[in-house]
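Chain by chain, the residues:
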Amino acid sequence: MIRFFGYIFAIGAAVLIIGLGVAAAYVGAVSKDLPDYEVLENYQPPVMTRMHAANGKLMAEFAIKRRLYLPIQAVPDMIKAAYISAEDKNFYEHFGLDPEGFLRAIVNNVKNIGSGRRPEGASTITQQVAKNFLLTANATLQRKVQEAILAMRIEKAYSKDHILELYLNEIYLGRGAYGIAAAALTYFNKSVNELTVEQIAYLAALPKGPANYDPFKHTDRALARRNWVLDRMAENNYISQEDAEIARKKPLGVTLRGNDNYVFAADYFTEEVRRQIVARYGSDTLYQGGLSVRTTLNPQLQYMARQALHDGLVKFDHIYGWRGAFDHIDIMGDWGVPLAAIEAYADLPEWQLAVVLETAKDRVKIGLQPQKELSGALSSQRKTAFISAADMKWAYRLVDARGYRSTARDPTGVLKPGDVVFVQAIKGKFNAYNLQQFPKIQGAMVVMEPKTGRVLAMIGGFSFAKSEFNRATQAYRQPGSAFKPFVYSAALDNGYTPSSVVLDGPVEIDQGPAGIWRPKNYGGTFAGPSTLRYGIEHSRNLMTVRLANDVGMPIVAEYAERFGIYEHLQPVLAMALGAGETTVLRLVSAYAVIANGGRSLDPSLVDRIQDRYGKTIYRHDRRICEQCNVTSWQNQPEPVLIDERDQVLDPMTAYQITSMMEGVIQRGTARRLQYLKRDIAGKTGTTNDSKDAWFVGFTPDIVIGVYMGYDSPKSLGAAGTGSSLAAPVFGEFMSHAMVGKPDVPFKMPEGMIQIAIDRKTGMRASAGNANAFVEAFKPGTGPADVYQVIGATESFREGVKVPLKSPQVNQAIQSGAGGLY
């Protein structure tokens, strides 16, 4: 018997030794191909970049994986407790493996044999770190062995806190969120420090399978799992039983983040910044580098600009009439289902899709597009409303697909049942809506701070959702008369004065093979000899051509390039009337130079960029402040910012041209803006055949540029001028943006001389002259003592000389002011 048991023991020992040997050999073989766990020391996970407005409000997030990295010191203790309770209660005691948990998993897996259930794991948090960072997710024996080996090595190399930090930032928690910080924002729109106990418990329930515990699709299952976590937290003495019971009775309270968490109407601005960051740092840095981008955007001004431009585009579009329904559906049965399938535009929340249900002579009955619930299911509610005939009269002017026009007598001639249209609720009227349509005309608007070049607002079109093309930065258009202030600035900088007199009369220029060019004034009239001020105020084309010829187009071209309007401008006279192409941002930046006293500026949409560690890697403001960082105040004067930017234009010239452009609003082509009752300078712009309409205006503190036109240039019609289209948009914006702000006059540089002149002749005004006007002159200059008319005798050079003396020119000279404009 003893020998028998001895044999049994020997055989068992041999089998054990052989088994251990095989196991050791297997572990050794598996260990050879293990990844290097030391990469965890300097691990930098992909972190999303966040973009904020100047006031700190979130504009956008860019990421391949939506993750915000939190160091363990910033993780609240309650979150640590929840995840440890749910995933690895012995985390701070074990050596990377948890024997107790391992045995429990074996027992449960034996019980589940033949049930078809997935084998239960016993992975510790350290093992999950090994799997998530270094291995695949395959449920194989080899992977589990490798995971165990790596877990023990990781435990020897790193502290428990470092391991927990990696885990809490790496785990996927559903709905695109990686890590606890991103999950807190995604599910509750809160930072981790704002979460309640029950919310923390729900997030701790997600690692086992986020899709299985979706708060809307599997609410009961999610509640059960959350409550299980709360019980474990109480069992482990992280919270009391009373607190756990209170938390168990509360609903999930999930509040998913929506688009309303981002700055509204900032899509064009955001996309332009995104393009610039990709160009500067590359797409990998943008989507994985965790940058913090502080932009120059002012959300309030952005909204005002968007509203003003939208109103202007829609108003112009309504003049030309109704082009037809957006879509058409079958309204037999439940019309809400096919209507809901049509995608609306997220950046037009004030517009809704609706289907025409009935038409009558006095009104149209419509069904509004039903909304989707949080679960994704379509709402069962069907809401109807009405469009009165009086509120859609503009649509009686009909335009078909071929451009043919006709007129309807009432709504029945405009819409038919099944038509899908855009509508807008009328404020103050119950269940009443306006009919709307996407305007064909497009536009852009830029608002800039002239002292710094910071872009405060940018609108690149009517709807970013419909067209991402940014007409403020990507569309090159002719500025027309909006370019004239730079021709006049070049003249004022080179010996001319605001009272210099130029002939406003017919011009013929021989362009060689291109033939004779005969520029005209808007309206085809002549004003005769007139001052430069008059030429700007009333936008006289013929005066501008003569002035550019006298100054010299090479000089004008050099100034245009100096202001940054063009990279290279051909020195031909047609360019003096704004025939070259530029962008709204470039032109606004050039006007901002004038508003900044002639000092150059670098337009910027970004104030500062920081990397994932908080280090500033870009700053727009490069002005020097040597006394800004003193340790204490010893009654020293305030620090002075040293501005080393180039002086593009003489400050006195800048004031003179600004004063002349104030006259544009006071007496000239933009006098419709007088109602603003502010010190504003500006210039209208209209191109040939009225294809582009502009207005750029400014105060000492803000510059606004407005452009309107078709993407495929064509005439805007007889009323398509900068004065009638763009200036009202500027006016609407200013009437809101300047509320509560004092009127700041333009400051005249020291040393300038003010002299009363005759508004027409430009000569010194005598006492009692009713036509007198006080003009600002540079030292050593003043009104002419002898009446001289520029352009009355010289010939033009654009290939071949052409004599200017003609009966028409003589008549223009003799006419004087004559009221011909």
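First, a word on what this report is: a plain description of the structure on this page.

Definitions and limits used
- Residues numbered from 1 in each chain as written.
- Predicted model: local features only at pLDDT ≥ 70, side-chain atom pairs only at ≥ 80, totals over all residues.
- Heavy atoms only, no water.
- Helix = DSSP H or I, 4+ residues; strand = E, 2+ residues; numbered from the N terminus.
- Buried < 20%, exposed > 50% of the residue type's maximum accessible area, 1.4 Å probe, protein only.
- Contact = heavy atoms within 4.5 Å.
- Areas by Shrake-Rupley, 256 points an atom, 1.4 Å probe, with all protein chains shown as cover.
- Phe/Tyr/Trp six-rings, centres within 6.5 Å; stacked < 30°, edge-to-face > 60°.
- Pairing = 2+ DSSP bridges.
- Axes fitted to C-alpha atoms, helices over the stretch in contact; angles between N-to-C directions.
- Salt bridge = Lys/Arg side-chain N within 4 Å of Asp/Glu carboxyl O.

What follows is about the overall build of the protein. A tally of regular secondary structure across the protein gives 22 helices and 26 strands. Taking all 821 residues of the protein together, 50% fall into the buried category. Summarising the internal contacts of the protein: among those between residues at least 6 apart in sequence, 69% fall at separations of at least 24. By element, 53% of the accessible surface of the protein is carried by carbon and sulfur atoms, the whole surface being about 39,000 Å².

Inspection of every chain in the model, using the stated rule, returns 27 aromatic pairs. For the pair F188 and Y202, a centre-to-centre distance of 6.3 Å together with 90 degrees between the ring planes defines the contact as edge-to-face. Taken as a pair, F188 in helix α7 (residues 180-188) and Y202 in helix α8 (residues 197-205) lie far apart in primary sequence, 14 residues in all. An identical accessibility class is assigned to F188 and Y202; each is buried. Ring geometry for F422 and F438: centres 5.4 Å apart, planes at 80 degrees, overall edge-to-face. With F422 in strand β12 (residues 419-425) and F438 in the loop between β13 (433-436) and β14 (442-448), this pair connects stretches of sequence that are 16 residues apart. In this structure F438 comes out as buried when scored by relative accessible area, which is 11%.

A few words on the environment of H328. Tracing the sequence through the fold places H328 in strand β6 (residues 327-328). Judged by relative accessible area, H328 falls into the partly exposed class, the value being 42%. Separated by 88 residues in the primary sequence, H328 and K416 place their C-alpha atoms 9.4 Å from one another. When near neighbours in sequence (up to four residues on either side) are disregarded, H328 contacts K416, P417, G418, D419 and V420.

Here we come to the sheet that holds strand β2 (residues 58-62). In sheet architecture, strand pairing relies on hydrogen bonds along the backbone and comes in two forms, parallel and antiparallel. Ordered by their spatial adjacency, 5 strands build an open sheet running β2-β1-β5-β20-β21, and the pairing between neighbours is mixed. Lying at the two open borders of the sheet, with one neighbouring strand each, are β2 and β21 (616-619). For this sheet, the mean angle separating the axes of adjacent strands, direction not counted, is 15 degrees. Taken strand by strand, helix α11 (residues 267-281) contacts β1 (49-52), β2, β5 (292-295), β20 (606-610) and β21, and its axis lies near 45 degrees from that of β2.

Turning to the sheet that holds strand β15 (residues 455-459), a few remarks are in order. Judged by pairing direction, the sheet is antiparallel, and its 5 strands sit side by side in the order β15-β14-β24-β23-β22 without closing on themselves. A strand with exactly one partner marks an edge of an open sheet, and here the two such strands are β15 and β22 (681-686). Taking the axes of each pair of neighbouring strands and ignoring which way they run, one obtains an average angle of 5 degrees across the sheet. Summarising the sheet, β14 and strand β24 (residues 703-709) pair through 7 bridges and their orientation is antiparallel. Paired with M448 across the strands is V703, a residue of β24. Relative to β22, helix α20 (residues 651-666) is tilted by about 65 degrees, and along the sheet it contacts β22 and β23 (692-698).

Moving on: the pattern of salt bridges. Under the counting rule described, the total for this entry stands at 31 salt bridges. E350 is the partner of R306 in a salt bridge, and the nearest nitrogen-oxygen pair spans 2.5 Å. With R306 in helix α13 (residues 299-319) and E350 in the loop between α14 (336-340) and β7 (351-359), this pair connects stretches of sequence that are 44 residues apart. R306 sits in the buried class, given a relative accessible area of 3%. A relative accessible area of 23% means that E350 is categorised as partly exposed. Where R533 meets E775, a salt bridge forms, and the shortest distance between an N and an O atom there is 2.7 Å. In this pair, R533 is assigned in helix α16 (residues 532-537) and E775 in strand β26 (residues 772-777), connecting sequence segments 242 residues apart. Residue R533 is classed as buried on the basis of its relative accessible area of 4%. Bridged by salt links that share partners, the residues R50, E61, R66 and R257 form one connected network.

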